[in-house]
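Fold and geometry: a report
So you can see what is in the structure, the chains are spelled out below.
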Amino acid sequence: MTLVVMGIDALDAELVSESVHPNLTLDTYSRISTIESATGELSTHELWPTLITGLPPEEHGLTLDSGVGWESPLLRFGGSLADFILPDGLQSKLGAWILNNTETDVFRTPASYYPDHGLETVFDGYDAEAIGIPNYVTDLDATDLEHELRRHLGELFERDSSQPGGHSSADPDAFYEQAMEMVMVRLARTRRAYRSNRFELVFGYTSGVDLIGHIAYNDPQLQNRAYDETNEFVGELLSDLGADDTLVIVSDHGLRDGIHTHQAMIASTEPRIVEAVDSVVDLRAALEAELADGDHEPTPSEPHRESSIDDESQVKEHLKDLGYM
């Protein structure tokens, strides 16, 4: 059996529907509580480390220091210095300029940070694959299409404090297409990891739904389309799984009208996981309990063992079409 987790950044519990989005709500789903940063924000930078460690941000140490945060390792020294010499507003403007006008990537804390700081994660002690999780980077030299698209969005996605969501896009429709490619790539990678039959735990992540939500404040239909398409893509992942496998969908916060909300959510094909998670700090323990209860050796289930070579080739061709292989 395999436990598959798909992290969908900013998937909002108020925007999903069992009738419209059965693959995002699964057998059962629920809103879960989340945690604001010290600056009052709901921060991707802080929350995904919380989800994988079960620790609040002040305990895992990956916290925002300003309105933008100095996520890149190249900026951390400058960020520390800026704390002493720049007011917060100017730090945020400088950070926004750097992220808009350079190829600086964000959320790239290496996985080695955790053992180096005496921190345990849900991946410890298991045959596990972590795909794209913010601030848990297993190979700093590796990139995929989601990374490349994020780093070269340019005017398609710029920080803009004058807008409701803090961002603007010169061409929302073109941006939508690129962001949905990100979703497709990460779901394809998650499917590939599951199909490899090597892992007890596969934990994928995508930011595409969050990005679209940030620029959809003037066109909510873009966000609705993103939910509908993501529901279809998750359905493809769900169709791969055997009867004994478990799928979990989880978000770090919600997002409506371009602004983060507290409506984080969890859904699963195993109701007891949902029942065990009231908050983002509960996810790690619930996943570990599921892994401990039963045979989660990295072997394929019976339906998967009987799947055809054509099915395998189809996934590989899909990755090639997306530019990943």
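These figures come from a predicted structure and were not determined experimentally.

**Let's talk about the overall build of the chain**
Summing up its helical and strand segments, the chain has 14 helices and 10 strands in all. Long-range contacts, defined as pairs at least 24 residues apart, comprise 75% of the intrachain contacts of the chain with a sequence gap of at least 6. Surface summary for the chain: the accessible area is close to 13900 Å², and the carbon and sulfur share equals 47%.

**Points about helix H10 (residues 220-240)**
Helix length check: H10 (21 residues) gives 31 Å between terminal C-alpha atoms against 30 Å at 1.5 Å per residue, within 8%. All buried positions along H10 are accounted for by Leu-222, Gln-223, Ala-226, Tyr-227, Thr-230, Asn-231, Phe-233, Val-234, Gly-235, Leu-237 and Asp-240. Buried residues in H10 make contact with strand S1 (3-8), helix H1 (22-25), helix H8 (172-195), helix H9 (208-215), strand S7 (246-250) and strand S8 (254-256).

**What about the packing of H9 against H10?**
One way to put it is that H9 packs onto H10 with a least axis distance of 8 Å and a crossing angle of 165°. In terms of orientation, H9 and H10 fall into the roughly antiparallel class. Both H9 and H10 take part in a crossing whose hand is left-handed. Every residue of H10 that contacts H9 at Val-209, Ile-212, Gly-213 and Ile-215 is listed here: Leu-222, Gln-223, Ala-226, Tyr-227 and Thr-230. Looking at side-chain class alone, the contact of H9 with H10 contains six nonpolar, three polar and no charged residues.

**Focus on the nonpolar core**
In terms of nonpolar packing, the biggest core is built from 33 residues, with Phe-123, Ile-133 and Phe-203 touching the most fellow members. Looking at this core, the elements with two or more residues in it are S1, helix H2 (44-53), helix H6 (113-116), strand S6 (201-206), S7, strand S10 (264-268), helix H11 (271-276) and helix H12 (283-292). Among residues more than four places away in sequence, those in contact with Ile-133 are Trp-48, Ile-52, Phe-123, Phe-203 and Tyr-205. Counting 32 residues, the second largest nonpolar core, distinct from the first, contains Val-4, Ile-212, Val-234 and Ala-267.

**Brief notes about the sheet that holds S10**
Spatial ordering of the open sheet is given by S2-S10-S7-S1-S6-S3, a layout of six strands whose pairing is mixed. If you trace the sheet from one side to the other, it starts and ends with strand S2 (28-32) and strand S3 (128-131), each paired once. Taken over all neighbouring pairs, the strand axes of this sheet differ in orientation by 15° on average, direction set aside. Pairing of S1 with S7 involves five bridges; the strand directions are parallel. Following the sheet pairing, Met-6 is matched in S7 by Ile-249. Of the strands in this sheet, S1, S6 and S7 touch H2, which is tilted by about 170° from S6. Its contacts with the sheet put H10 on S1 and S7, and the angle it makes with S7 is roughly 155°.

**Topic: the pairing of S7**
Within S7, five of the five residues are buried, which leaves the element mostly enclosed by the surrounding structure. Burial along S7 is two-sided: the residues Thr-246, Val-248 and Val-250 and Leu-247 and Ile-249 are all buried.

**Describing the pattern of salt bridges**
Summed over the entire model, instances satisfying the criterion amount to 10 salt bridges. One salt bridge connects Arg-256 with Asp-12, and the closest N-O pair in it is separated by 2.9 Å. Separated by 244 residues along the polypeptide, Arg-256 in strand S8 and Asp-12 in the loop between S1 and H1 bring together distant segments of the chain. For Arg-256, a relative accessible area of 29% gives the class partly exposed. Asp-12 sits in the buried class, given a relative accessible area of 0%. Between Arg-191 and Glu-236 there is a salt bridge; the shortest N-O distance is 3.5 Å.

**Things to note about the side chain of Thr-206**
Summarising the element assignment, Thr-206 is placed in strand S6. A relative accessible area of 1% means that Thr-206 is categorised as buried.

**Here's the deal with the environment of Ile-212**
Tracing the sequence through the fold places Ile-212 in helix H9. Owing to a relative accessible area of 0%, Ile-212 belongs among the buried residues under this scheme. Note: C-alpha distance between Ile-212 and Tyr-176 (36 residues apart in sequence) is 6.2 Å. With residues near it in sequence (within four places) discarded, Ile-212 still touches Phe-175, Tyr-176, Ala-179, Met-180, Leu-222, Gln-223 and Ala-226.

**Some details on the environment of Glu-18**
Here Glu-18 shows up in the loop between S1 and H1. On the basis of relative accessible area, Glu-18 is assigned to the exposed category, the value being 56%. Remark: the alpha-carbon pair of Glu-18 and Tyr-29, spanning 11 residues in sequence, is separated by 8.9 Å. Setting aside its immediate chain neighbours within four residues, Glu-18 contacts Thr-25 and Tyr-29.

**So, the packing of aromatic side chains**
Across all of its chains, the model carries five aromatic pairs by this definition. Ring geometry for Phe-123 against Tyr-136: centres 4.8 Å apart, planes inclined by 35°, an arrangement best described as tilted. Placement of Phe-123 in the loop between H6 and S3 and of Tyr-136 in the loop between S3 and helix H7 (145-151) is noted, with a sequence separation of 13 residues between them. Between Phe-123 and Phe-203, the aromatic rings sit 5.8 Å apart at their centres with planes inclined by 65°, giving edge-to-face as the arrangement. One end of the pair, Phe-123, is in the loop between H6 and S3; the other, Phe-203, is in strand S6, with 80 residues separating them in the sequence. Here Phe-203 falls in the buried class, since its relative accessible area comes to 0%. These aromatic residues form a ring-pair network of at least three members: Tyr-113, Tyr-114, Phe-123, Tyr-136 and Phe-203. When the ring centre of Tyr-176 is taken as reference, the NZ or CZ atom of Arg-225 above it lies at 4.1 Å.

Conventions and cut-offs
Residues numbered from 1 in each chain as written. Predicted model: local features only at pLDDT ≥ 70, side-chain atom pairs only at ≥ 80, totals over all residues. Heavy atoms only, no water. Helix = DSSP H or I, 4+ residues; strand = E, 2+ residues; numbered from the N terminus. Contact = heavy atoms within 4.5 Å. Areas by Shrake-Rupley, 256 points an atom, 1.4 Å probe, with all protein chains shown as cover. Expected span 1.5 Å × (residues − 1). Buried < 20%, exposed > 50% of the residue type's maximum accessible area, 1.4 Å probe, protein only. Axes fitted to C-alpha atoms, helices over the stretch in contact; angles between N-to-C directions. Parallel < 35°, antiparallel > 145°, perpendicular 65-115°, else oblique. Left-handed = near helix turned anticlockwise from the far one by under 90°. Nonpolar A, V, L, I, M, F, W, Y, C, P; charged D, E, K, R; others polar. Core = buried A, V, L, I, M, F, W, Y, C linked by side-chain atoms within 4.5 Å. Pairing = 2+ DSSP bridges. Salt bridge = Lys/Arg side-chain N within 4 Å of Asp/Glu carboxyl O. Phe/Tyr/Trp six-rings, centres within 6.5 Å; stacked < 30°, edge-to-face > 60°. Lys NZ or Arg CZ within 6 Å of the ring centre and 35° of its normal.

Everything listed here is a matter of geometry and, on its own, says nothing about what the molecule does.
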